[in-house]
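So the chains spell out like this:
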Amino acid sequence: MAPNDGTQLDPWAGSYAARAVGLVSSEVRALFSVASRPDVVNLGGGSPYVSALPLDDIAELCARLVRERGAEALQYGTGQGTEELREQISLVMEREGIVAHPDDLVVTTGSQQALDLVSKVFLDPGDVVVAEGPSYVGALGTFTSYQADVVHVEMDDDGLIPEQLEETLRRLAVERRRPKLLYLIPNFQNPSGVTLSGPRRIQILEIARRHKLLVIEDNPYGLISFDSEPLPALRSHDEDGVIYLGSFSKTLASGLRVGWAAAPPAIREKLVSASESTVLSPSMFNQLVVSTYLANNDWDGQIKVFRELYRERRDALLQALADFVPQARWTRPAGGFFVWMTLPTGMNSKLMLPRAVSERVAYTPGTGFFADGRGSGHLRLAYSGPTPDRIREGVRRLATVIDAEQEM
Ligand code: PMP
């Protein structure tokens, strides 16, 4: 019998909406089942290390919440999210220089839902989203699910290159294509680990304003900084032209699925209506868990725990790369979860993956982070999950694969 490839035997294949053509399992997701085998060092995933949370305290908090505020926590809420949490989020954003009134905020089911809402509200088929190259695979998937075209702009060690952005916008204008959104991850970018420099933030905002490009500032990693205080957010310089997306996934717990968007008032209203049409309201229980945690627990202490844990893992990864794969190049992140590696010329990270998995190490091929098939000479290494020793062992295994490929 022919293997079921999931499309040929689908009796509904002719019924899907045109936009569903782009809804295919991402390379990152496809990797998860292999990479989660215990004998494989998983440098692919990039999940937060939630085992570092005080689980007993959180269990007690949840039990108390149900006992004391159960009728509220287990009920529907409003589409915009609770005022209590939005007030707390306003204070969180002050840490990055943003003055946001609680009314400016929409609580979402993770910042991933905020990406979907922004896309739903702004993107028609054929619209262009300008994004860093490489960029976050989950955002690329969302934009393309709304049939938008993603056009990448080159980065260097200081983030997106403003001159390249100008050049790209000029080219799009000649081609009569309409760029609507500029999607940026300014801090410890996923997947490159790179941070957009302070002066470039100002330059890029000026270019975006001139070209009437709405900026999406996606910042889930900003508070996971190892060496310095966070730079002022793009939104701290421009409230009218920037939608800011935040999340508790990396600073508290990704499984709670609590994120938010801060947007200009007219846009914020559209986002709330769009969210109501998908989820009615974000989870009340999870919002109250976050609020109660922020009010009663030592969140700053927890962020410090995460920072130290990830810094140690980053250091282990950078040291192992220097020791075992000196022939490659890689970025040096000052926070977040990711290092972006450039393989020696001619090597292909996607073709090399099966061999890496048989050597019991997993990474994410660079091609997943470009909408146009580029990236095969790169790969993403995530240091958030494995212990420093496992990271070193993983890089040692990766080095044997790279050495073998080079000899072929
Ligand atoms: N944006 C970026 C850049 C991310 O890396 C992620 C998570 N990997 C998200 C958004 C989605 O995060 P959340 O858990 O808040 O939905």
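Residues numbered from 1 in each chain as written. Predicted model: local features only at pLDDT ≥ 70, side-chain atom pairs only at ≥ 80, totals over all residues.

1. With respect to the overall build of the protein chain
Then, number 1: The secondary structure content of the protein chain amounts to 13 helices and 14 strands.
Then, number 2: Its C-alpha atoms give the protein chain a radius of gyration of 21 Å, within 12% of the compact-globule value 22 Å for 408 residues.
Then, number 3: Along the first, second and third principal axes, the C-alpha set of the protein chain runs to 65 × 55 × 55 Å.
Then, number 4: The 408 residues of the protein chain split such that 45% are buried.
Then, number 5: Pairs at least 24 residues apart make up 76% of the contacts formed inside the protein chain by residues separated by at least 6 positions. (Helix = DSSP H or I, 4+ residues; strand = E, 2+ residues; numbered from the N terminus. Rg over C-alpha atoms; globule rule 2.2 N^0.38 Å. Buried ≥ 20, exposed ≤ 12 C-beta atoms within 10 Å, placed from the backbone. Contact = placed C-beta atoms within 7 Å.)

2. A closer look at the environment of Pro191
Then, number 1: Relative to the elements of secondary structure, Pro191 occurs in the loop between strand E6 (179-184) and helix H7 (198-210).
Then, number 2: Distance in space between the C-alpha atoms of Pro191 and Leu117 is 22 Å, their sequence separation being 74 residues.
Then, number 3: In contact with Pro191, other than residues within four places in its own chain, are Pro134, Phe338, Trp340, Phe369 and Arg380.

3. Observations concerning the UniProt feature "domain: Aminotransferase class I/classII large" (unreviewed entry) in the protein chain
Then, number 1: According to UniProt, the feature "domain: Aminotransferase class I/classII large" (unreviewed entry) maps to residues 39-398 in the numbering used here.
Then, number 2: Its end C-alpha atoms 14 Å apart, residues 39-398 is made of 44% helix and 16% strand. (UniProt positions renumbered as here; feature names shortened; annotations may be inferred.)

4. As for the site of the ligand
Then, number 1: The immediate surroundings of the ligand are formed by 13 residues, with Gly110, Ser111, Gln112, Ser247 and Ser249 found nearest.
Then, number 2: Considering every element that reaches the shell around the ligand, the biggest residue donor is helix H4 (residues 110-122), with 3 residues.
Then, number 3: Taken together, the residues of the shell around the ligand break down into 3 nonpolar, 9 polar and 1 charged. (Near = placed C-beta within 6 Å. Nonpolar A, V, L, I, M, F, W, Y, C, P; charged D, E, K, R; others polar.)

5. Focus on the nonpolar core
Then, number 1: Formed by 67 residues in total, the largest nonpolar core has its most connected members in Val129, Leu182, Val215, Ile216, Ile243, Ala261 and Ala262.
Then, number 2: Residues contacting Ile243, with those up to four places away along its chain left out, are Val118, Leu214, Ile216, Ala261, Ala263 and Ile267.
Then, number 3: By size, the runner-up hydrophobic cluster in this structure holds 38 residues, among which are Leu317, Phe337, Leu381 and Val401. (Core = buried A, V, L, I, M, F, W, Y, C linked by C-beta atoms within 7 Å.)

6. Looking at the packing of helix H12 (residues 349-358) against helix H13 (residues 388-407)
Then, number 1: One way to put it is that H12 packs onto H13 with a least axis distance of 9 Å and a crossing angle of 130°. As summarised for this structure, H12 and H13 are arranged oblique, according to the angle between their axes. In terms of crossing hand, the pair formed by H12 and H13 is right-handed. Listed contacts from H13 to Met352, Arg355 and Ala356 of H12 are Leu398, Val401 and Glu405. (Axes fitted to C-alpha atoms, helices over the stretch in contact; angles between N-to-C directions. Parallel < 35°, antiparallel > 145°, perpendicular 65-115°, else oblique. Left-handed = near helix turned anticlockwise from the far one by under 90°.)

7. What about the sheet that holds strand E10 (residues 329-330)?
Then, number 1: Read across the open sheet, the 4 strands follow the order E10-E11-E14-E13; overall the sheet is antiparallel. Of all the strands in the sheet, the pair left with one neighbour each is E10 and strand E13 (364-365).
Then, number 2: The pairing of strand E11 (residues 338-342) with strand E14 (residues 378-382) spans 5 bridges and is classified as antiparallel. Counted as the bridge partner of Val339 is Leu381 from E14. (Pairing = 2+ DSSP bridges.)

8. A closer look at the sheet that holds E6
Then, number 1: Across the sheet, 8 strands lie side by side as E2-E9-E8-E7-E6-E3-E4-E5; this open sheet has mixed pairing. Edge strands, defined here as strands with exactly one partner in the open sheet, are strand E2 (105-108) and strand E5 (159-160).
Then, number 2: Across 4 bridges, strand E8 (residues 242-247) lies against strand E9 (residues 259-262) in antiparallel orientation. Within E9, the residue paired with Gly246 across the bridge is Trp260.
Then, number 3: Strands in contact with helix H9 (residues 265-279) are E2, E8 and E9; relative to E2, the strand with the most contacts, it is inclined by about 25°.

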